[in-house]
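# Chain and residue survey
Residue-level listing of the chains:
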Amino acid sequence: MHQRREHPSRGRREAHEVQLLDHLRAHGATDRAALAEALGLSRATVSTLTRDLLASGALGVTTGSTPRRRTGRRPELVTLNPSVGLIVGVDLGHTHVTVAAADAAHVVVGTRSVRCDVTTPWSERTRIAAAMVRSLLATRGTPRLLGIGVGVAGSIAHRETVVTDTHDELQRTFGVPILLENNTRLAGLAEHVWGVARGMRDVLYLRLAAGVGGAVILDGVMRVGARNLAGELGHVSVTDEPLACRCGKLGCLESVAGRQALLDAAGVADLDLLAAALAAGDRRAETAVVRAADAAGRVLAGACTALDVTDTVVAGELTTLGDHLLTPLRSALTRHALPTGAEPPRLHLAQLGQPAGALGGIGALLRDPDLALPLATTAAS
Ligand SMILES: [Zn+2]
């Protein structure tokens with residue numbers, strides 16, 4: 001056990017330890033030099049803090065897959081002690097249930113997914129998820145479960161019953177902290193924690209699929225907004241044409257760039273046929289995709305201008321159309337962005353695919369400092 005040492009600056013030292021633990025909880029494995037820079041502390045201070053926290057069992061070390069230094073050695077990375085247990089993420093999508101688990105060092109130890117019918121009741125999806133969580137934990141020797149972050153399809157601002165019932169059912173079953181959030185927002189957060197947006201301060205995330213949604217990350221924090229609607233990029237108006245949107249409005253981005261709207265405009269039944277039509281140079285298909293991409297780029301550019309964001313991530317099944325979609329999207333983003341003389345906003349392709357929503361549930365738990373997880377404590381506590 002760590003011996004308490006009385007020291008005149010103990011209060012400040014404990015504050016530094018808390019800062020360091022919070023940083024590792026949010027960002028995962030970090031080398032000591034980067035920790036010193038992020039926390040505004042000297043390397044000597046970070047070295048002393050990490051030595052004591054390692055001795056107390058609060059931290060672990062890894063060399064990860066960081067680039068080797070000139071000496072040929074990889075820098076040692078510090079993490080929260082990964083042996084304290086696992087954090088689980090769940091994605092209750094419209095047509096799938098996905099679960100993922102990671103340790104406190106941000107190492108993803110498993111994911112699994114099953115398809116479900118779009119009519120499956122939410123209570124049934126929650127039961128499927130609970131069984132998948134138990135089975136995933138069993139494959140890891142049933143470690144301690146620290147918390148569950150759950151993504152739910154659709155705007156959670158309008159799903160109070162689903163959110164409350166899912167929360168209560170999972171809490172009854174597992175007895176750990178449960179967090180619920182919109183699954184598209186969580187997928188965006190996951191790209192920030194593990195994917196293409198890792199290390200970026202500000203990011204706008206746009207998902208083009210059956211629905212069109214997004215996420216807003218500013219100063220490294222996923223924003224939810226005053227009415228829990230931040231990131232609803234699919235419901236920004238893009239045309240005066242009376243195209244009905246499921247939100248009740250006319251002319252939303254989703255009514256132009258949602259999967260069904262795009263397929264209808266292109267005159268094909270599914271995305272495979274759309275890809276084939278594009279490959280064959282079909283003019284109607286090309287026009288429909290360019291129109292959807294232009295509308296999406298216009299909305300992203302507007303949000304980038306309003307928030308002064310320079311990085312965007314595009315995700316969702318429509319991105320399987322590749323450059324047919326991405327080239328006009330990138331071009332629209334540039335054309336509609338504020339001409340500052342600097343580089344236009346960058347467009348990145350999402351990296352995480354299907355497990356992103358579930359991974360984001362884990363990321364949201366790790367990033368929420370108000371949520372008490374039984375993770376590491378300071379050396380003196
Ligand atoms: Zn709408």
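The rules behind each value
Residues numbered from 1 in each chain as written. Predicted model: local features only at pLDDT ≥ 70, side-chain atom pairs only at ≥ 80, totals over all residues. Helix = DSSP H or I, 4+ residues; strand = E, 2+ residues; numbered from the N terminus. Rg over C-alpha atoms; globule rule 2.2 N^0.38 Å. Buried ≥ 20, exposed ≤ 12 C-beta atoms within 10 Å, placed from the backbone. Contact = placed C-beta atoms within 7 Å. Axes fitted to C-alpha atoms, helices over the stretch in contact; angles between N-to-C directions. Parallel < 35°, antiparallel > 145°, perpendicular 65-115°, else oblique. Nonpolar A, V, L, I, M, F, W, Y, C, P; charged D, E, K, R; others polar. Core = buried A, V, L, I, M, F, W, Y, C linked by C-beta atoms within 7 Å. Domains from an automatic or database assignment. Pairing = 2+ DSSP bridges. Right-handed = clockwise from strand over helix to strand, strands pointing away. pLDDT = per-residue confidence, 0-100. Left-handed = near helix turned anticlockwise from the far one by under 90°. Expected span 1.5 Å × (residues − 1).

With that settled, the discussion passes to the overall build of the protein chain. Secondary structure assignment for the protein chain yields 12 helices and 13 strands. Over its C-alpha atoms the protein chain spans a radius of gyration of 23 Å, differing by no more than 12% from the 21 Å that the globule rule assigns to 381 residues. C-alpha atoms of the protein chain, sized along the principal axes, occupy 75 × 55 × 40 Å. Burial analysis of the protein chain (381 residues in total) assigns 43% to the buried set. Excluding contacts between residues fewer than 6 apart, the proportion of contacts in the protein chain whose partners are at least 24 apart in sequence is 64%.

What follows is about the packing of helix α6 (residues 183-193) against helix α12 (residues 356-367). Orientation of α6 relative to α12, taken along the N-to-C sense of each, is 75°, at an axis distance of 7 Å. Taken together, the axes of α6 and α12 are roughly perpendicular relative to one another. Only Ala356, Gly357, Leu359, Gly360, Gly361, Gly363 and Ala364 of α12 make contact with α6, whose side of the interface consists of Asn183, Leu186, Ala187, Leu189, Ala190, Glu191 and Val193. Of the residues contributing to the contact of α6 with α12, the split by class is eight nonpolar, five polar and one charged.

Among the nonpolar cores identified, the biggest contains 88 residues, and Leu253, Ala257, Val289 and Ala296 are the most heavily contacted of them. The biggest single contributor to this core is helix α10 (residues 283-307), with 11 residues. Formed jointly, this core draws a minimum of three residues from each of two domains, domain 2 (84-187 + 357-367) and domain 3 (198-350). Membership of the second largest hydrophobic core comes to 16 residues, among which are Leu20, Leu53, Val84 and Ala105.

By domain assignment, the protein chain separates into domain 1 (10-80), domain 2 (84-187 + 357-367) and domain 3 (198-350). Taken residue by residue, the interface counts seven residues in domain 2 and 12 residues in domain 3. Grouping the constituent residues of the side of domain 2 that touches domain 3 by class yields three nonpolar, three polar and one charged.

Quick look at the pairing of strand β7 (residues 145-152) now. Most of β7 sits out of view: seven of its eight residues are buried. In this structure, strand β4 (residues 86-92) lies alongside β7, joined through seven bridges in parallel fashion. In the strand pairing of β7, Val90 is matched with Val150. Each parallel crossover has a hand, and the one from β7 via helix α5 (residues 160-174) to strand β8 (residues 178-182) is right-handed.

This paragraph deals with the confidence of the model for the protein chain. Per-residue confidence for the protein chain gives a mean pLDDT of 91; residues scoring 70 or more make up 92%. Segment residues 1-6: pLDDT under 50, and five contacts once partners within four positions in sequence are set aside and those in other chains are kept.

Where helix α8 (residues 259-266) meets α10, the axes come as close as 8 Å, and the angle between the chain directions of the two elements is 145°. The interaxial crossing formed by α8 with α10 has right-handed handedness. Note on element contacts: α10 touches α8 through Arg284, Ala285, Ala288, Val289, Arg291 and Ala292, opposite Leu262, Ala265 and Ala266.

With that out of the way, let us pick up the sheet that holds strand β2 (residues 59-62). Read from one edge to the other, the open sheet built from three strands follows the order β1-β3-β2, with strand pairing classed as antiparallel. At either margin of the open sheet sits one strand with a lone partner, and together these are β1 (30-31) and β2. Bridge count between β2 and strand β3 (residues 77-80): four bridges; the pairing is antiparallel. Looking at β3, one finds that Val61 is bridged to Val78.

Below, the discussion takes up helix α11 (residues 323-336). Here α11 is 14 residues long and its end C-alpha atoms lie 19 Å apart, about the 20 Å a rise of 1.5 Å per residue gives. Three or more residues of α11 are buried, namely His324, Leu325, Pro328, Leu329, Arg330, Ala332 and Leu333. Of the surrounding secondary structure, the elements contacted by the buried residues of α11 are α9 (271-279), α10, β12 (311-315) and β13 (346-349).

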